[in-house]
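# An overview of the molecular structure
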Amino acid sequence: MNEKNPLRIGLIGFGCVGQGFYDIVQRQPELNLAVTRIAVKTPDKPRPLPAHHFTYHADELLADPAVDVLVEVIDDAAEAFRLVSTALRQSRRVATANKAMLARHLPELVQLQAEFGGTLLYEAAVCGSIPVVRTLDQYFSHEPLHALSGIFNGSSNYVLTRMSEDGSDYAAALAEAQLQGFAETDPALDMGAFDPRSKAVLLAAHAYGVFLESDAVLNLGIEGISAADIAYAASQGQKIKVVASLSRLPSGHLTALVTPQLVGPESPLYGVEREFNAVVLDAEFAGTQFLQGRGAGGHPTGSAVLADVLGLRRGLRYQYAKQAAAPAVQLTHGLELDAYVSHPDAGVLREVLTWLELPTEALASTEAGGAYATGPVAVQQLWAWRRELRANGVFVARVGEARVTALVTEKAATGWA
Ligand SMILES: NC(=O)c1ccc[n+]([C@@H]2O[C@H](COP(=O)([O-])OP(=O)(O)OC[C@H]3O[C@@H](n4cnc5c(N)ncnc54)[C@H](OP(=O)(O)O)[C@@H]3O)[C@@H](O)[C@H]2O)c1
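Residues numbered from 1 in each chain as written. Predicted model: local features only at pLDDT ≥ 70, side-chain atom pairs only at ≥ 80, totals over all residues. Heavy atoms only, no water.

### A look at the state of the cysteines
Throughout this description, disulfide means a covalent bond between two cysteine sulfur atoms. How we decide: The criterion for a disulfide is a pair of cysteine sulfur atoms lying within 2.5 Å. Residue burial is assigned from relative accessible area. The probe radius is 1.4 Å, only protein chains are included, and a residue is buried under 20% of its type maximum, exposed over 50%, and partly exposed in between.
In total, this model carries zero disulfides according to the counting rule given. Here Cys-16 stays unpaired: no disulfide links it, and the sulfur of Cys-127, its closest cysteine neighbor, is 16 Å away. Accessibility expressed as a relative area gives 54% for Cys-16, which makes it exposed. Residue classification places Cys-127 among the buried positions, given a relative accessible area of 1%.

Here you go:
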C-alpha cells in the first residue's frame, strides 16, 4: 500500500491540532509517514519534543525541497493565508485546518490550485473528525442536495448542553467550558456563531457549488441566552441548538442561516450534546443522512488531517463539481421564520419588536423577570438589525423551519470563474 520512501511532512504549528496529528503519525509507523520538519512561533516555549525538532521560521519549510507535503495548523489566519497561498504558488500539496482563513479566501485558493497545479485539502477545518467535506465533494458530487444542516461548533453546543442539564446561566456554563478546554479564552467567534458560519461557507462550496462571502450569511449567536430561554424551550419539549442551515429552493436560490434554533426530539440534532458536531444531509436520491462526531480536539482533528495527508499522497483533489455544473446559484434572504426573541429587560425587548416588525402584544414575561415574544419575522429584518441585536444582548432563535417569501436575489453570492 505504501510507497517505498516515507512521505516527508512539514508541520507548521504544534499546538492542539499539530500535536494531535504528530502523535497519530508516531503511533502508526506502518503508514510510512515522517514528520521531518516542524515550525512553531515562540522560541522559548516548553515543548514535548527536544528543541532540535523545531524551527521558528515556517518559510524554511516552504523553501525545503525535501518536504513533500505541508500541514498548516497555526492559529493566525492572515499568516496561514500567506503560507498556504505561497505554497500553492510553488505547486505544493497542503492540508490545513484553518476555517477562518479558508472562508475568507477560498475562491482565490481554488484559483491558485488551478493555475499552479498544487493541491489544498481541508477536511479538518469543518466539524473536526466528521468526513463531511470529502463526503460532499466526492460522494455527493453529482447528487442534488435539498438541504444541509448541522451543529458545527462544539464550544457553543457544550455551553447549551450544560445550561439545559443544570439550569445554569450562560456565564457559568461558559466558564466551565473554558475550564474544560472546550471554549477559547476569547469566546466571541464560537459563541457569536462566526466560527460555524465559516464552516457553512466552506460546505456551501462543495454542497451547492457556490462561494459565499461570510458576511452575506446571517449568523446570530448565544451571548444573550439565559436560563429562562432554555426553560422556555424545555416547556415546549425542545432544546436550543445553534444550527447552520443551507438549502436549495425550487427557484435555484440558496438559503443560508446560522442561528440558534428550537429543536424537537424528531430531529437528529436533538441528541447531539456537549462538544459533539453533526451534519444532516437531505439528498434528492439518497434521502436523509446523519453524520455525528467530535468537532474539535487534538486527536479528532488530527485524524482528519491524517486523512488529508494520505489523500494527498494518492493524488486526491477536491472536484468542486457542482460549481462547474451550476455556476449561477445565488443567495437569498427572501425568507420568513417563526422567531423566539428575548431580553432580560422588557423595555429593550419592546423596542426590538418594533425593529423586527413584531406586534408588541406578543410580549410575555418570564418567571425570572425577563421578557420574550414569538412571531413571524422576515430574515431580511434580522439581517438589517443583526449588529444591534448582538450589541444589545438580544437572544433570537428560530422556531421550526424558514419559509420562502419574495425571492430577493443578493449580489453577495458570487459565481466563481
Ligand atoms: N483545536 C481544535 O480542536 C481545532 C479544530 C478544528 C480546527 N482547528 C484549527 O486548527 C488551527 C490550529 O488550532 P490549534 O487549536 O491547534 O491552535 P493552538 O493550540 O493555539 O496552536 C497554534 C500553533 O501555531 C503556532 N503558530 C502560530 N503562528 C505561527 C507562525 N507564524 N509560524 C509558525 N507557527 C505558528 C503556535 O506556535 P507556538 O507553539 O510557538 O505558540 C502553536 O504551536 C486553527 O486554524 C484552528 O482554527 C482547531
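Following the structure, the description resumes.
### Considering the pairing of strand E10 (residues 254-263)
The following threshold applies: Elements are defined by DSSP. Helices are runs of H or I of four residues or more, strands are runs of E of two residues or more, and each kind is numbered from the N terminus. Should DSSP find at least two bridges between two strands, the strands are regarded as paired.
Among the 10 residues that make up E10, 10 are buried, leaving the element largely enclosed by the rest of the structure. Sheet topology note: the strand E8 (residues 218-219)/E10 ladder contains two bridges and is parallel. Looking at E10, one finds that Asn-219 is bridged to Val-258. Pairing between strand E9 (residues 239-248) and E10: 10 bridges, direction antiparallel. Paired with Val-242 across the strands is Pro-260, a residue of E10.

### Considerations on the packing of helix H6 (residues 154-166) against helix H7 (residues 170-179)
Quick reminder of the rule: Only the contacting stretch of a helix is used when fitting its axis, a line to C-alpha atoms as for every element, and angles between N-to-C directions run 0 to 180 degrees. For classification purposes, an angle smaller than 35 degrees is called roughly parallel, one larger than 145 roughly antiparallel, one from 65 to 115 roughly perpendicular, and anything else oblique. We call a crossing left-handed when the near helix sits turned anticlockwise from the far one by less than a right angle, and right-handed when that turn is clockwise. The contact definition used throughout considers only heavy atoms, calling two residues in contact when any of these lie within 4.5 Å.
Look at H6 against H7: their axes get within 9 Å of each other, and the N-to-C directions meet at 125°. In terms of their interaxial angle, H6 and H7 are classed as oblique. For the element pair H6 and H7, the recorded crossing hand is right-handed. Contact residues: H6 offers Tyr-158, Val-159, Arg-162 and Met-163, while H7 offers Tyr-170, Ala-173, Leu-174, Glu-176 and Ala-177.

### Describing the UniProt feature "domain: Aspartate/homoserine dehydrogenase NAD-binding" (unreviewed entry) in the protein chain
This is how the line gets drawn: UniProt positions are given in the numbering used here, feature names are shortened, and annotations may be inferred rather than shown by experiment.
Within the UniProt annotation, "domain: Aspartate/homoserine dehydrogenase NAD-binding" (unreviewed entry) is assigned to residues 13-123. The straight-line gap between the two end C-alpha atoms of residues 13-123 is 17 Å; of that span, 44% is helix and 18% is strand.

### Describing the site of the ligand
What counts, and what does not: Nearness here has a simple test: a residue counts as near a molecule or strand if at least one of its heavy atoms is within 4 Å of that partner. Whenever a nitrogen or oxygen atom comes within 3.5 Å of another N or O atom, the pair is scored as a polar contact, on the condition that within protein one atom can donate a hydrogen and the other can accept it, and that pairs from neighbouring residues in sequence are kept only if both atoms are in side chains. In these tables, accessible area is a Shrake-Rupley quantity obtained with a 1.4 Å probe, and a residue counts as shielded only by the protein chains included in the view. Residues are grouped as follows: Ala, Val, Leu, Ile, Met, Phe, Trp, Tyr, Cys and Pro are nonpolar; Asp, Glu, Lys and Arg are charged; every other residue, Gly included, is polar.
As a matter of local geometry, the ligand sits amid 22 residues, with Val-17, Thr-42, Lys-45, Arg-47 and Gly-297 nearest to it. A distance of 3.3 Å separates an oxygen atom of the ligand from a polar side-chain atom of Asp-75. In this structure, an oxygen atom belonging to the ligand sits 2.6 Å away from a main-chain N or O atom of Gly-297. Across the complex, the protein chains shield 83% of the 900 Å² of accessible surface that the ligand would expose by itself. Tallied by class, the residues present in the shell around the ligand amount to 10 nonpolar, six polar and six charged.

### Some points on unusual backbone geometry
Across the chain, the bulk of peptide bonds are trans and the bulk of non-glycine residues have phi less than zero. A positive phi angle, close to 60°, is found at Cys-127, a residue other than glycine. Inspection of the secondary structure assignment puts Cys-127 in the loop between strand E6 (119-121) and helix H5 (132-139). One non-glycine residue, Arg-274, adopts positive backbone phi at about 50°. Secondary-structure assignment places Arg-274 in the loop between E10 and strand E11 (276-283). Residue Arg-274 is classed as partly exposed on the basis of its relative accessible area of 31%.

### Overview of the nonpolar core
Note on soluble globular proteins: their nonpolar side chains tend to be buried together. Quick reminder of the rule: We call a set of buried residues a nonpolar core when its members are Ala, Val, Leu, Ile, Met, Phe, Trp, Tyr or Cys and they connect through side-chain atoms within 4.5 Å of each other. An automatic or database domain assignment supplies the residue ranges for each domain.
Counting residues in each nonpolar core, the largest one holds 112 residues, and the members touching the most others are Phe-21 and Leu-148. Split by domain, the residues of this core number at least three in each of domain 1 (7-121) and domain 2 (137-297 + 327-404). For Phe-21, the contacting residues outside a window of four places in its chain are Ile-9, Leu-11, Val-35, Val-71, Gly-298, Gly-302, Val-305, Leu-306 and Val-309. Among the nonpolar cores identified, the runner-up in size contains 22 residues, and Leu-218, Leu-337, Ala-339 and Trp-383 belong to it.

### Remarks on the domain arrangement of the protein chain
Accessible area lost on assembly of the parts is the figure often given for the size of an interface. Condition: Here the quantity called buried area is the total loss of accessible area, with a 1.4 Å probe, experienced by two parts when brought into contact, counted for both. One speaks of a salt bridge when a side-chain nitrogen belonging to Lys or Arg is within 4 Å of a carboxyl oxygen belonging to Asp or Glu.
By domain assignment, the protein chain separates into domain 1 (7-121) and domain 2 (137-297 + 327-404). For domain 1 and domain 2, the distance between their C-alpha centres works out to 32 Å. On the domain 2 side, the residues contacting the eight residues of domain 1 number nine residues. In total, domain 1 and domain 2 occlude about 700 Å² of area from one another, counting both sides; carbon and sulfur atoms represent 81% of this. On the domain 1 side of the contact with domain 2, Lys-99, Ala-103 and Leu-106 bury the most area, a combined 64% of that side's loss. Counting every contact that joins domain 1 to domain 2 gives one salt bridge. Of the charged contacts, one joins Asp-195 and Lys-99 as a salt bridge, the two residues approaching to 3.4 Å between their closest N and O atoms. For the pair domain 1 and domain 2, the number of links is one residue pair in polar contact (both at pLDDT 80 or more).

### Remarks on the environment of Gly-302
Within the element layout of this structure, Gly-302 appears in helix H11 (residues 298-313). For the pair Gly-302 and Asp-23, spaced 279 residues apart in the sequence, the C-alpha separation amounts to 8.5 Å. Discounting residues that sit within four places of it in the chain, Gly-302 has contacts with Val-17, Gly-20, Phe-21, Ile-24 and Gly-297.

### Some words on the UniProt feature "domain: Homoserine dehydrogenase catalytic" (unreviewed entry) in the protein chain
The UniProt feature table records "domain: Homoserine dehydrogenase catalytic" (unreviewed entry) at residues 131-310. Taken end to end, residues 131-310 comprises 39% helix and 25% strand; its first and last C-alpha atoms sit 14 Å apart.

### Things to note about H5
Of all the eight residues making up H5, six are buried; the element is thus mostly covered by neighbouring parts of the structure. Taken together, the buried positions of H5 are occupied by Val-132, Val-133, Arg-134, Thr-135, Leu-136 and Asp-137. Check the buried side of H5 and you find it contacts strand E7 (145-151), helix H9 (194-207), E11, strand E12 (287-294) and H11.

### Section: the environment of Ala-371
As for its position among the elements, Ala-371 is in strand E15 (residues 371-378). For Ala-371, a relative accessible area of 2% corresponds to the buried category. Along the backbone, Ala-371 and Phe-54 are 317 residues apart, and their C-alpha atoms lie at a distance of 55 Å. Filtering out sequence-adjacent residues up to four positions away, Ala-371 remains in contact with Val-341, Ser-342, His-343, Pro-344, Ala-346, Leu-349, Leu-363, Ala-364, Ser-365 and Thr-366.

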